[in-house]
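For reference, the chains in residue letters:
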Amino acid sequence: MARPTDVTGWLGQSGQAFFDVLTPYPAMLGTATEAYREIGDAWEVFSGRVRNPQPQFDGLCTRCLGLLQGIENDGGLPAADARRLIMNPDQLSGTLMAVAPHSSLGADRFLSGAADKVRTHVIDAAGLRRGQLETLIAQTATARKACLDAIHDATAMASRITKQAGGKGVRPGEASQIPGDDHGRPGRVRLVLG
C-alpha cells in the first residue's frame, strides 16, 4: 500500500512535468483564436462591401433587362438576336444587317425605322456595361482581394501556431484555393489538426 507522501510526491513531479509541457499552449490557443477571429472579421467586412453595391447591381440588371426587352419589342426580334446585338455593340451595323431578316416587322421595315430604336437601346446597354457595371465589378474585386489578403494572413498565423502545437497546419496549396469558384462563391479554408 502506498503512503500518502509517495502519491503526493509523484503527483507533484508529474504535475510539474505536465505544467512544463503545457505552459506554451494557452498563449498559442489565444493566438490561434485571434487568427480565426481575424478570418471571421475579414468575411464580415467582405460581406458588407459586397452587400452595399447589391442594390446597384439589381438596378443595373433591371435596366439592362428593360433594354433587352425594348430591342425585342421595338425590333420585332427573337431573344437570341436581341442578346446578340447587346453582346456585340462594337459591330452594331453589321449585326443589325444580319438580324434584319429575323425581324417580325420584315427586313425593310426593320432597317428603315426600328433599327434606329434598337441602335439606341444597344448603345445605352453598352454604356451601362462600360460605366456602372465595370465600376461595380472593380469595387467587388477590390473587396474580394482585401478579404483574401486578410484571410491569407490570418490563416498563416493560425497554421504557424497549429504547427507549433504539433498539428499539421494548412496543407500545401490550400491557401491558394481560397478565392472560390467561377461563380464568385468563396472557397473553403481548411486547417488540419493532428
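Note that the coordinates shown come from a computational prediction; the quantities given were computed from them, not determined experimentally. (Residues numbered from 1 in each chain as written. Predicted model: local features only at pLDDT ≥ 70, side-chain atom pairs only at ≥ 80, totals over all residues. Heavy atoms only, no water.)

Comments concerning the pattern of salt bridges
Piece 1. In this structure the tally under the stated criterion is two salt bridges.
Piece 2. Between Arg37 and Glu34 there is a salt bridge; the shortest N-O distance is 3.2 Å. Placement of both Arg37 and Glu34 in helix H2 (residues 25-51) is noted, with a separation of three residues, approximately one turn of the helix.
Piece 3. Judged by relative accessible area, which is 45%, Arg37 ranks as partly exposed.
Piece 4. Classification of Glu34 by relative accessible area gives partly exposed; the value is 33%.
Piece 5. A salt bridge links Lys145 to Asp149; the nearest nitrogen and oxygen atoms lie 2.8 Å apart. Here Lys145 pairs with Asp149, and both are found in helix H6 (residues 107-164), just four residues apart, close to one helical turn. (Salt bridge = Lys/Arg side-chain N within 4 Å of Asp/Glu carboxyl O. Helix = DSSP H or I, 4+ residues; strand = E, 2+ residues; numbered from the N terminus. Buried < 20%, exposed > 50% of the residue type's maximum accessible area, 1.4 Å probe, protein only.)

Section: the confidence of the model for the chain
Piece 1. Here the chain averages 79 in pLDDT, and 78% of its residues register 70 or above.
Piece 2. The low-confidence segment residues 175-179 (pLDDT under 50) makes 14 contacts with residues lying over four places distant or belonging to another chain.
Piece 3. Here residues 189-194 scores under 50 on pLDDT; set against residues more than four positions off or in separate chains, the count is 20 contacts. (pLDDT = per-residue confidence, 0-100. Contact = heavy atoms within 4.5 Å.)

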